Amino acid sequence: MNGDPTLERIARGNALALCAAGSWTARFAPMLERMVADAEKLSGTRPNIFIDVSQVSKLDTFGAWLIERLRRSLTHGGVEAQIAGLSDNYSSLVDEVRRVKAEPVVETERVTITGMLEQIGRAVAGIGGTLIGLIDMLGAVLSATAHVIIRPRGFRLTSTIHHLEQVCWRAVPIVVLITFLIGCIISQQGIFHFRKFGADIFVVDMLGVLVLREIGVLLVAIMVAGRSGSAYTAELGSMKMREEIDALRTMGFDPIEVLILPRMLALVLALPILAFLGAMAALYGGGLVAWLYGGVEPEAFLLRLRDAISIDHFVVGLIKAPVMAAVIGIVACVEGLAVQGSAESLGQHTTSSVVKGIFFVIVMDGVFAIFFASIGM
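Analysis parameters
Residues numbered from 1 in each chain as written. Predicted model: local features only at pLDDT ≥ 70, side-chain atom pairs only at ≥ 80, totals over all residues. Heavy atoms only, no water. Axes fitted to C-alpha atoms, helices over the stretch in contact; angles between N-to-C directions. Helix = DSSP H or I, 4+ residues; strand = E, 2+ residues; numbered from the N terminus. Parallel < 35°, antiparallel > 145°, perpendicular 65-115°, else oblique. Contact = heavy atoms within 4.5 Å. Nonpolar A, V, L, I, M, F, W, Y, C, P; charged D, E, K, R; others polar. Pairing = 2+ DSSP bridges. Domains from an automatic or database assignment. Core = buried A, V, L, I, M, F, W, Y, C linked by side-chain atoms within 4.5 Å. Buried < 20%, exposed > 50% of the residue type's maximum accessible area, 1.4 Å probe, protein only. UniProt positions renumbered as here; feature names shortened; annotations may be inferred. 1 Å grid on protein atoms, 1.4 Å probe; cavity = no way out; pocket = protein on both sides within 12 Å on 5 of 7 lines; lining within 4 Å. Points joined across faces, edges and corners; volume = space filled by probe spheres on them. Patch = residues over 30% accessible without salt bridge, like charges linked within 9 Å, V, L, I, M, F, W, Y side chains within 5 Å. Areas by Shrake-Rupley, 256 points an atom, 1.4 Å probe, with all protein chains shown as cover. Salt bridge = Lys/Arg side-chain N within 4 Å of Asp/Glu carboxyl O. Arc of directions from axis to C-beta. Left-handed = near helix turned anticlockwise from the far one by under 90°.

**Digging into the packing of helix H4 (residues 113-150) against helix H11 (residues 311-337)**
Taken N-terminus to C-terminus, the directions of H4 and H11 make an angle of 105°; their axes are 9 Å apart at the nearest point. In terms of orientation, H4 and H11 fall into the roughly perpendicular class. Contacts between H4 and H11 involve Gly133, Leu134, Met137 and Leu138 on the former and, on the latter, Ile330, Val331, Cys333, Val334 and Leu337. Split by residue class, the contact of H4 with H11 holds eight nonpolar, one polar and no charged.

Have a look at this one:
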(Lines give C-alpha, C1' and ligand atoms only; values in the text may rest on other atoms or scores of the structure.)
Protein backbone atom coordinates (compact mmCIF):
# COMPACT_ATOMS: atom_id res chain seq x y z
CA MET A 1 0.00 0.00 0.00
CA ASN A 2 1.54 3.32 -1.07
CA GLY A 3 -1.33 5.45 0.31
CA ASP A 4 -2.67 6.49 -3.11
CA PRO A 5 -6.43 7.04 -3.07
CA THR A 6 -8.76 4.58 -4.75
CA LEU A 7 -12.48 4.36 -5.41
CA GLU A 8 -13.71 0.85 -6.26
CA ARG A 9 -17.21 -0.10 -7.41
CA ILE A 10 -18.82 -3.19 -5.89
CA ALA A 11 -22.29 -4.33 -6.99
CA ARG A 12 -24.51 -5.89 -4.31
CA GLY A 13 -27.82 -6.87 -5.90
CA ASN A 14 -29.75 -3.70 -6.67
CA ALA A 15 -27.30 -1.70 -4.61
CA LEU A 16 -23.92 -0.30 -5.58
CA ALA A 17 -21.12 0.34 -3.13
CA LEU A 18 -18.32 2.81 -3.83
CA CYS A 19 -15.41 1.84 -1.60
CA ALA A 20 -12.97 4.68 -0.97
CA ALA A 21 -9.52 3.90 0.38
CA GLY A 22 -6.12 5.50 0.81
CA SER A 23 -5.27 9.12 1.38
CA TRP A 24 -8.05 11.52 0.36
CA THR A 25 -6.13 14.77 0.71
CA ALA A 26 -5.34 17.82 -1.40
CA ARG A 27 -2.00 16.24 -2.30
CA PHE A 28 -3.81 13.87 -4.68
CA ALA A 29 -6.28 16.49 -5.98
CA PRO A 30 -6.04 15.70 -9.73
CA MET A 31 -6.45 11.94 -9.17
CA LEU A 32 -9.37 12.42 -6.78
CA GLU A 33 -11.12 14.85 -9.13
CA ARG A 34 -10.98 12.33 -11.98
CA MET A 35 -12.26 9.45 -9.83
CA VAL A 36 -15.13 11.47 -8.38
CA ALA A 37 -16.08 12.84 -11.81
CA ASP A 38 -16.26 9.27 -13.19
CA ALA A 39 -18.29 8.08 -10.21
CA GLU A 40 -20.78 10.96 -10.57
CA LYS A 41 -21.80 9.51 -13.93
CA LEU A 42 -23.37 6.57 -12.06
CA SER A 43 -26.23 8.77 -10.84
CA GLY A 44 -29.56 7.04 -11.52
CA THR A 45 -28.07 3.67 -12.50
CA ARG A 46 -28.96 1.94 -9.22
CA PRO A 47 -31.75 2.62 -6.71
CA ASN A 48 -29.37 2.45 -3.74
CA ILE A 49 -25.79 3.64 -3.70
CA PHE A 50 -23.50 3.56 -0.68
CA ILE A 51 -20.17 5.30 -0.22
CA ASP A 52 -17.92 3.23 2.03
CA VAL A 53 -15.10 5.31 3.56
CA SER A 54 -13.99 2.85 6.23
CA GLN A 55 -10.67 2.26 4.45
CA VAL A 56 -9.77 5.94 4.09
CA SER A 57 -6.49 6.43 5.97
CA LYS A 58 -6.23 10.23 5.71
CA LEU A 59 -8.90 12.83 5.08
CA ASP A 60 -8.70 16.62 4.89
CA THR A 61 -11.23 19.32 3.99
CA PHE A 62 -10.62 18.84 0.27
CA GLY A 63 -11.28 15.09 0.45
CA ALA A 64 -14.30 15.57 2.70
CA TRP A 65 -15.79 18.03 0.23
CA LEU A 66 -15.28 15.59 -2.67
CA ILE A 67 -17.05 12.84 -0.74
CA GLU A 68 -19.92 15.20 0.08
CA ARG A 69 -20.06 16.37 -3.54
CA LEU A 70 -20.24 12.75 -4.69
CA ARG A 71 -23.04 12.05 -2.22
CA ARG A 72 -25.05 15.03 -3.45
CA SER A 73 -24.61 14.12 -7.11
CA LEU A 74 -25.70 10.49 -6.50
CA THR A 75 -28.81 11.57 -4.59
CA HIS A 76 -31.83 11.36 -6.91
CA GLY A 77 -35.55 10.63 -6.87
CA GLY A 78 -35.87 11.25 -3.15
CA VAL A 79 -33.33 8.48 -2.39
CA GLU A 80 -30.28 9.86 -0.64
CA ALA A 81 -26.88 8.26 -1.12
CA GLN A 82 -25.45 7.09 2.20
CA ILE A 83 -21.94 7.47 3.57
CA ALA A 84 -20.93 4.39 5.57
CA GLY A 85 -17.90 3.47 7.67
CA LEU A 86 -17.05 7.00 8.67
CA SER A 87 -14.65 7.02 11.62
CA ASP A 88 -15.13 9.27 14.63
CA ASN A 89 -11.98 11.20 13.75
CA TYR A 90 -13.44 12.44 10.46
CA SER A 91 -17.17 12.52 11.18
CA SER A 92 -17.13 16.10 12.47
CA LEU A 93 -15.22 17.26 9.37
CA VAL A 94 -17.71 15.65 6.99
CA ASP A 95 -20.64 17.03 9.00
CA GLU A 96 -19.16 20.54 8.78
CA VAL A 97 -18.73 20.23 5.03
CA ARG A 98 -22.30 18.94 4.71
CA ARG A 99 -23.60 22.19 6.22
CA VAL A 100 -22.30 24.11 3.20
CA LYS A 101 -25.30 24.84 1.04
CA ALA A 102 -25.07 24.08 -2.63
CA GLU A 103 -25.47 27.14 -4.85
CA PRO A 104 -28.74 27.00 -6.77
CA VAL A 105 -28.49 26.86 -10.51
CA VAL A 106 -29.27 30.28 -11.90
CA GLU A 107 -31.61 29.94 -14.81
CA THR A 108 -31.29 32.51 -17.55
CA GLU A 109 -34.55 34.32 -17.94
CA ARG A 110 -35.95 34.87 -21.38
CA VAL A 111 -36.01 38.43 -22.59
CA THR A 112 -39.63 39.54 -22.74
CA ILE A 113 -41.41 42.84 -23.14
CA THR A 114 -42.72 42.53 -19.58
CA GLY A 115 -39.21 42.00 -18.26
CA MET A 116 -37.89 45.00 -20.17
CA LEU A 117 -40.69 47.20 -18.85
CA GLU A 118 -39.97 45.95 -15.35
CA GLN A 119 -36.30 46.89 -15.69
CA ILE A 120 -37.26 50.35 -16.98
CA GLY A 121 -39.62 50.78 -14.04
CA ARG A 122 -36.94 49.78 -11.55
CA ALA A 123 -34.49 52.20 -13.16
CA VAL A 124 -37.01 55.05 -12.94
CA ALA A 125 -37.74 54.15 -9.31
CA GLY A 126 -34.00 54.19 -8.63
CA ILE A 127 -33.69 57.66 -10.13
CA GLY A 128 -36.60 58.83 -7.99
CA GLY A 129 -34.97 57.39 -4.90
CA THR A 130 -31.73 59.18 -5.72
CA LEU A 131 -33.49 62.52 -6.12
CA ILE A 132 -35.39 62.04 -2.86
CA GLY A 133 -32.13 61.24 -1.07
CA LEU A 134 -30.47 64.38 -2.46
CA ILE A 135 -33.42 66.57 -1.44
CA ASP A 136 -33.44 65.00 2.02
CA MET A 137 -29.72 65.68 2.44
CA LEU A 138 -30.15 69.26 1.22
CA GLY A 139 -32.87 69.82 3.83
CA ALA A 140 -30.71 68.31 6.57
CA VAL A 141 -27.75 70.53 5.63
CA LEU A 142 -29.94 73.66 5.56
CA SER A 143 -31.39 72.73 8.94
CA ALA A 144 -27.90 72.22 10.40
CA THR A 145 -26.81 75.56 8.90
CA ALA A 146 -29.74 77.35 10.55
CA HIS A 147 -28.91 75.68 13.86
CA VAL A 148 -25.29 76.85 13.60
CA ILE A 149 -26.38 80.41 12.74
CA ILE A 150 -28.59 80.47 15.83
CA ARG A 151 -25.86 78.92 18.01
CA PRO A 152 -22.48 79.89 16.49
CA ARG A 153 -20.56 78.10 19.24
CA GLY A 154 -21.54 74.79 17.63
CA PHE A 155 -19.72 75.63 14.40
CA ARG A 156 -16.68 73.39 13.71
CA LEU A 157 -14.16 75.99 12.56
CA THR A 158 -11.10 73.74 12.91
CA SER A 159 -12.72 70.97 10.89
CA THR A 160 -13.79 73.45 8.20
CA ILE A 161 -10.28 74.87 7.85
CA HIS A 162 -8.84 71.35 7.68
CA HIS A 163 -11.20 70.35 4.87
CA LEU A 164 -10.62 73.68 3.12
CA GLU A 165 -6.92 72.90 3.05
CA GLN A 166 -7.55 69.42 1.66
CA VAL A 167 -10.09 70.53 -0.96
CA CYS A 168 -8.64 73.88 -2.01
CA TRP A 169 -4.97 74.37 -1.17
CA ARG A 170 -3.82 70.84 -2.01
CA ALA A 171 -5.86 70.84 -5.23
CA VAL A 172 -4.30 74.01 -6.63
CA PRO A 173 -1.32 72.35 -8.44
CA ILE A 174 -3.34 69.78 -10.36
CA VAL A 175 -6.15 72.24 -11.19
CA VAL A 176 -3.73 74.88 -12.46
CA LEU A 177 -1.79 72.32 -14.49
CA ILE A 178 -4.85 70.78 -16.17
CA THR A 179 -6.53 74.11 -16.94
CA PHE A 180 -3.25 75.52 -18.28
CA LEU A 181 -2.97 72.60 -20.69
CA ILE A 182 -6.62 72.89 -21.72
CA GLY A 183 -6.11 76.59 -22.44
CA CYS A 184 -3.07 75.74 -24.56
CA ILE A 185 -5.03 73.13 -26.53
CA ILE A 186 -8.03 75.40 -27.14
CA SER A 187 -5.77 78.20 -28.32
CA GLN A 188 -3.72 75.95 -30.63
CA GLN A 189 -6.78 74.36 -32.21
CA GLY A 190 -8.50 77.72 -32.60
CA ILE A 191 -5.51 79.30 -34.32
CA PHE A 192 -5.08 76.25 -36.55
CA HIS A 193 -8.64 76.54 -37.89
CA PHE A 194 -9.06 80.35 -37.81
CA ARG A 195 -5.86 80.76 -39.77
CA LYS A 196 -7.59 79.31 -42.83
CA PHE A 197 -9.81 82.41 -42.85
CA GLY A 198 -7.14 84.90 -41.79
CA ALA A 199 -8.88 85.43 -38.44
CA ASP A 200 -6.19 84.36 -36.00
CA ILE A 201 -7.01 87.14 -33.55
CA PHE A 202 -10.55 85.83 -32.99
CA VAL A 203 -9.09 82.94 -31.02
CA VAL A 204 -8.82 85.42 -28.14
CA ASP A 205 -12.60 85.94 -28.16
CA MET A 206 -13.26 82.21 -28.21
CA LEU A 207 -10.76 81.52 -25.45
CA GLY A 208 -12.01 84.27 -23.15
CA VAL A 209 -15.69 83.41 -23.42
CA LEU A 210 -15.20 79.64 -23.20
CA VAL A 211 -12.85 79.76 -20.23
CA LEU A 212 -14.70 82.31 -18.12
CA ARG A 213 -18.26 81.15 -18.81
CA GLU A 214 -18.12 77.40 -19.46
CA ILE A 215 -14.94 75.35 -19.75
CA GLY A 216 -13.07 76.83 -16.79
CA VAL A 217 -15.79 76.29 -14.18
CA LEU A 218 -17.05 73.02 -15.66
CA LEU A 219 -13.61 71.45 -15.92
CA VAL A 220 -12.66 72.45 -12.37
CA ALA A 221 -15.99 71.14 -11.04
CA ILE A 222 -15.43 67.78 -12.75
CA MET A 223 -11.93 67.53 -11.26
CA VAL A 224 -13.27 68.42 -7.80
CA ALA A 225 -16.01 65.78 -8.16
CA GLY A 226 -13.42 63.14 -9.01
CA ARG A 227 -10.91 64.23 -6.38
CA SER A 228 -12.79 65.64 -3.40
CA GLY A 229 -16.20 64.06 -3.96
CA SER A 230 -14.75 60.57 -3.98
CA ALA A 231 -12.69 61.39 -0.88
CA TYR A 232 -15.80 62.56 0.99
CA THR A 233 -17.65 59.38 0.07
CA ALA A 234 -14.75 57.16 1.09
CA GLU A 235 -14.28 58.95 4.41
CA LEU A 236 -17.96 58.87 5.38
CA GLY A 237 -18.32 55.31 4.10
CA SER A 238 -15.38 54.15 6.24
CA MET A 239 -16.92 55.84 9.28
CA LYS A 240 -20.23 54.14 8.51
CA MET A 241 -18.53 50.74 8.26
CA ARG A 242 -16.74 51.24 11.60
CA GLU A 243 -20.00 52.48 13.20
CA GLU A 244 -18.41 55.81 14.11
CA ILE A 245 -21.48 57.70 12.88
CA ASP A 246 -23.71 55.62 15.15
CA ALA A 247 -21.32 56.37 18.00
CA LEU A 248 -21.73 60.11 17.36
CA ARG A 249 -25.51 59.78 17.54
CA THR A 250 -25.17 57.79 20.76
CA MET A 251 -23.08 60.59 22.29
CA GLY A 252 -25.73 63.15 21.35
CA PHE A 253 -23.98 64.75 18.34
CA ASP A 254 -25.65 65.42 15.01
CA PRO A 255 -23.55 63.75 12.25
CA ILE A 256 -24.83 66.30 9.72
CA GLU A 257 -23.55 69.19 11.82
CA VAL A 258 -20.30 67.51 12.86
CA LEU A 259 -19.24 65.71 9.68
CA ILE A 260 -21.13 67.01 6.66
CA LEU A 261 -21.60 70.74 7.24
CA PRO A 262 -17.84 71.52 7.51
CA ARG A 263 -17.17 69.52 4.35
CA MET A 264 -19.97 71.25 2.45
CA LEU A 265 -18.84 74.72 3.54
CA ALA A 266 -15.23 73.97 2.61
CA LEU A 267 -16.31 72.77 -0.84
CA VAL A 268 -18.56 75.79 -1.45
CA LEU A 269 -15.70 78.15 -0.55
CA ALA A 270 -13.04 76.20 -2.44
CA LEU A 271 -14.64 75.76 -5.86
CA PRO A 272 -14.96 79.51 -6.72
CA ILE A 273 -11.31 80.00 -5.73
CA LEU A 274 -10.19 77.02 -7.81
CA ALA A 275 -12.37 78.13 -10.72
CA PHE A 276 -10.78 81.60 -10.67
CA LEU A 277 -7.24 80.16 -10.53
CA GLY A 278 -8.11 77.66 -13.26
CA ALA A 279 -9.50 80.39 -15.51
CA MET A 280 -6.38 82.51 -15.06
CA ALA A 281 -4.15 79.50 -15.80
CA ALA A 282 -6.15 78.64 -18.93
CA LEU A 283 -5.98 82.25 -20.19
CA TYR A 284 -2.25 82.33 -19.52
CA GLY A 285 -1.72 79.04 -21.36
CA GLY A 286 -3.87 80.19 -24.26
CA GLY A 287 -2.03 83.50 -24.48
CA LEU A 288 1.34 81.75 -24.39
CA VAL A 289 0.39 79.44 -27.27
CA ALA A 290 -1.14 82.34 -29.20
CA TRP A 291 2.17 84.19 -28.90
CA LEU A 292 4.52 81.27 -29.67
CA TYR A 293 2.37 79.41 -32.19
CA GLY A 294 0.08 82.06 -33.67
CA GLY A 295 2.33 85.12 -33.52
CA VAL A 296 -0.15 87.15 -31.46
CA GLU A 297 1.84 89.53 -29.29
CA PRO A 298 0.96 89.61 -25.56
CA GLU A 299 -0.07 93.30 -25.77
CA ALA A 300 -2.44 92.55 -28.67
CA PHE A 301 -3.77 89.51 -26.83
CA LEU A 302 -4.61 91.52 -23.71
CA LEU A 303 -6.19 94.36 -25.67
CA ARG A 304 -8.37 91.96 -27.66
CA LEU A 305 -9.28 90.05 -24.49
CA ARG A 306 -10.40 93.26 -22.78
CA ASP A 307 -12.67 94.10 -25.71
CA ALA A 308 -13.99 90.52 -26.12
CA ILE A 309 -15.14 89.83 -22.58
CA SER A 310 -17.09 91.75 -19.98
CA ILE A 311 -17.62 91.47 -16.27
CA ASP A 312 -20.78 89.44 -16.98
CA HIS A 313 -18.72 86.51 -18.26
CA PHE A 314 -16.68 86.49 -15.07
CA VAL A 315 -19.77 86.81 -12.85
CA VAL A 316 -21.54 83.95 -14.63
CA GLY A 317 -18.64 81.61 -13.89
CA LEU A 318 -18.44 82.60 -10.23
CA ILE A 319 -22.21 82.19 -9.76
CA LYS A 320 -22.06 78.65 -11.13
CA ALA A 321 -19.15 77.55 -8.94
CA PRO A 322 -20.75 77.46 -5.43
CA VAL A 323 -23.94 75.83 -6.74
CA MET A 324 -21.94 73.10 -8.46
CA ALA A 325 -19.89 72.67 -5.28
CA ALA A 326 -23.06 72.19 -3.24
CA VAL A 327 -24.33 69.59 -5.71
CA ILE A 328 -21.03 67.68 -5.60
CA GLY A 329 -20.95 67.75 -1.80
CA ILE A 330 -24.55 66.59 -1.39
CA VAL A 331 -24.09 63.70 -3.83
CA ALA A 332 -20.83 62.64 -2.15
CA CYS A 333 -22.32 62.72 1.36
CA VAL A 334 -25.48 60.84 0.34
CA GLU A 335 -23.40 58.08 -1.24
CA GLY A 336 -21.05 57.96 1.74
CA LEU A 337 -23.89 57.50 4.23
CA ALA A 338 -25.41 54.79 2.02
CA VAL A 339 -22.35 52.52 2.37
CA GLN A 340 -23.04 49.13 3.99
CA GLY A 341 -20.62 47.03 6.00
CA SER A 342 -18.38 45.72 3.20
CA ALA A 343 -15.44 46.93 1.14
CA GLU A 344 -17.37 46.10 -2.04
CA SER A 345 -20.16 48.48 -1.02
CA LEU A 346 -17.62 51.21 -0.30
CA GLY A 347 -16.09 50.84 -3.76
CA GLN A 348 -19.48 50.82 -5.49
CA HIS A 349 -20.72 53.95 -3.72
CA THR A 350 -17.43 55.79 -4.28
CA THR A 351 -17.67 55.08 -8.01
CA SER A 352 -21.34 56.05 -7.99
CA SER A 353 -20.46 59.30 -6.20
CA VAL A 354 -18.03 60.35 -8.94
CA VAL A 355 -20.37 59.37 -11.79
CA LYS A 356 -23.44 61.05 -10.29
CA GLY A 357 -21.45 64.12 -9.26
CA ILE A 358 -20.14 64.68 -12.79
CA PHE A 359 -23.59 64.00 -14.26
CA PHE A 360 -25.34 66.54 -12.02
CA VAL A 361 -22.58 69.10 -12.61
CA ILE A 362 -23.14 68.89 -16.36
CA VAL A 363 -26.92 69.06 -15.88
CA MET A 364 -26.57 72.16 -13.70
CA ASP A 365 -24.29 73.76 -16.29
CA GLY A 366 -26.99 73.25 -18.91
CA VAL A 367 -29.64 74.70 -16.61
CA PHE A 368 -27.47 77.75 -15.96
CA ALA A 369 -26.81 78.18 -19.69
CA ILE A 370 -30.58 78.32 -20.38
CA PHE A 371 -31.19 80.63 -17.43
CA PHE A 372 -28.49 83.17 -18.29
CA ALA A 373 -29.48 83.12 -21.95
CA SER A 374 -33.07 83.90 -20.98
CA ILE A 375 -32.04 86.95 -18.91
CA GLY A 376 -29.56 88.17 -21.51
CA MET A 377 -26.29 87.53 -19.68
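**Topic: the pairing of strand E3 (residues 48-59)**
As paired elements, strand E2 (residues 15-24) and E3 share nine bridges and run parallel to each other. Pairing of Leu18 across the sheet is with Ile51, part of E3. Here E3 pairs with strand E4 (residues 82-84) via three bridges, running parallel. Looking across to E4, one finds that Phe50 is bridged to Gln82.

**With respect to the domain arrangement of the protein chain**
We note that the domain assignment places domain 1 (6-99) and domain 2 (154-375) within the protein chain. For domain 1 versus domain 2, the distance between C-alpha centres works out to 64 Å.

**Thoughts on the nonpolar core**
Counting residues in each nonpolar core, the largest one holds 26 residues, and the members touching the most others are Leu7, Leu18, Trp24, Leu59, Leu70 and Leu74. When residues of this core are traced back to their parent elements, those giving at least two are E2, helix H1 (29-40), E3, helix H2 (61-74) and helix H3 (88-98). Dropping the residues within four chain positions of it, Trp24 is found in contact with Pro5, Thr6, Leu7, Leu32, Val36, Val56, Lys58, Leu59, Asp60, Gly63, Leu66 and Ile67. Within the second largest apolar cluster, 25 residues are counted, among which are Val172, Val217, Leu274 and Ala321.

**Side note on the UniProt feature "transmembrane region" (unreviewed entry) in the protein chain**
The feature "transmembrane region" (unreviewed entry), as annotated in UniProt, sits at residues 123-150, 170-187, 199-225, 264-293, 314-338 and 358-376 in this numbering. Secondary structure across residues 170-187 comprises 89% helix and 0% strand; the distance between its end C-alpha atoms is 27 Å. The span residues 358-376 is 89% helical and 0% strand by assignment, and the distance between its end C-alpha atoms comes to 27 Å.

**Here we look at the layout of surface pockets**
Size it by volume and the largest pocket reaches roughly 210 Å³. When residues of the lining of the largest pocket are traced back to their parent elements, those giving at least two are H4, helix H9 (255-292) and H11. If one sorts the elements of the lining of the largest pocket by residue count, H4 sits on top with five residues.

**Quick word on a nonpolar patch on the surface**
Residues Ile113, Leu117, Ile120 and Val124 make up a contiguous nonpolar surface patch of about 430 Å² in total accessible area. Within the element layout of this structure, Ile113 appears in helix H4.

**A look at the pattern of salt bridges**
Taken as a whole, this structure holds 13 salt bridges when the rule is applied. With its nearest N and O atoms 3.4 Å apart, the salt bridge here joins Asp246 to Arg249. Residue Asp246 and its partner Arg249 are located together in helix H8 (residues 244-250), separated by three residues, close to a single helical turn.

**Quick notes on H3**
Those residues of H3 that fall on the buried side of the exposure criterion are Tyr90, Val94 and Val97. Burial along H3 is one-sided: seen end-on, the buried residues are contained in an arc of 55°. Along H3, exposed side chains directed more than 90 degrees from the buried face belong to Asp88 and Ser92. Each element contacted by the buried residues of H3 is listed here: E3, H2 and E4.

**Focus: the packing of H11 against helix H12 (residues 343-374)**
At their nearest, the axes of H11 and H12 sit 9 Å apart, and the two run at 150° to each other. As the angle between them shows, H11 and H12 are arranged roughly antiparallel. Judged by the sense of rotation from one axis to the other, the crossing of H11 with H12 is right-handed. Each of Val316, Ile319, Lys320, Val323, Met324, Val327, Ile328, Val331, Ala332 and Glu335 in H11 lies in contact with H12, whose residues at this interface are His349, Ser352, Ser353, Lys356, Gly357, Phe360, Val361, Met364, Asp365, Phe368 and Phe372. Partitioned by chemical class, the residues of the contact of H11 with H12 number 13 nonpolar, four polar and four charged.

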